Amino acid sequence: MAEEDGVRRRDFINIAAVSAAGVAGVGVVIPLVSQMSASADVLAASSSEVDISAIKPGQAIKAVFRKQPVFVRNLTPKEIAEANAVPLSSLRDPQTLQERTKEGKENWLITMGVCTHLGCVPLGAGEGENRGEFGGYFCPCHGSVYDTAARIRKGPAPKNLEVPEYEFTSDTVVKIG
Ligand code: FES
């Protein structure tokens with residue numbers, strides 16, 4: 001478990017390092033295509049503006065906001081339906097997908113990529129990563145499982161992945177923070 005923690009920490013340090021290296025202006029964000037290198041799976045910008053135009057339904061990217069990872073995910077209609085089918089009474093931290101997204105943009109799920117248990121970076125935003133049994137995110141540190149609305153469904157985490165303040169500045173750009 002300690003080694004896994006270490007791996008997640010390194011992952012985060014890599015994300016932070018890329019952020020610190022900086023990209024002037026609005027970062028160009030492209031969908032994840034490979035997990036081969038740490039830098040390839042980090043789509044970070046020094047500003048908090050993220051270009052979401054290339055994120056296809058079913059895909060997600062990792063951005064960085066205030067040195068912490070943020071997941072920006074374009075949900076498929078099936079993922080939206082799955083989230084909406086869950087009775088709120090069954091949730092540990094009851095929230096609808098609608099409450100966690102912007103009106104008319106229910107497919108854009110934007111959350112911090114920080115597990116609410118002890119702060120590891122969950123898997124699921126990268127292409128081919130384990131999304132866990134509820135199809136959202138899976139934290140490998142101690143096995144917290146999040147659903148397609150990034151709500152906690154299983155494991156030790158007490159809360160849903162946090163939704164940061166954000167706004168759409170256009171159809172293709174999101175300003176986080
Ligand atoms: S930090 Fe994610 S399950 Fe413990």
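Notes on the structure follow. (Residues numbered from 1 in each chain as written. Predicted model: local features only at pLDDT ≥ 70, side-chain atom pairs only at ≥ 80, totals over all residues. Heavy atoms only, no water.)

This structure, assessed with the given rule, holds one disulfide. The disulfide partner of Cys120 is Cys141, and the S-S distance across this bridge is 2.0 Å. An S-S torsion of about -95 degrees defines the bridge between Cys120 and Cys141 as left-handed. With Cys120 in the loop between strand S4 (108-112) and strand S5 (135-139) and Cys141 in the loop between S5 and strand S6 (144-147), this pair connects stretches of sequence that are 21 residues apart. By relative accessible area, which is 11% here, Cys120 ends up buried. (Disulfide = S-S within 2.5 Å. Helix = DSSP H or I, 4+ residues; strand = E, 2+ residues; numbered from the N terminus. Buried < 20%, exposed > 50% of the residue type's maximum accessible area, 1.4 Å probe, protein only.)

Moving on, we get to the packing of aromatic side chains. On inspection of all chains with the given rule, the structure shows two aromatic pairs. Summarising the aromatic geometry, the rings of Tyr166 and Phe168 are spaced 6.1 Å apart at their centres and angled 75 degrees between planes, so their arrangement reads as edge-to-face. With relative accessibility at 6%, the residue Tyr166 sits in the buried group. A relative accessible area of 18% means that Phe168 is categorised as buried. Cation over ring: Arg73 sits above Tyr137, and NZ or CZ is 5.0 Å from the ring centre. (Phe/Tyr/Trp six-rings, centres within 6.5 Å; stacked < 30°, edge-to-face > 60°. Lys NZ or Arg CZ within 6 Å of the ring centre and 35° of its normal.)

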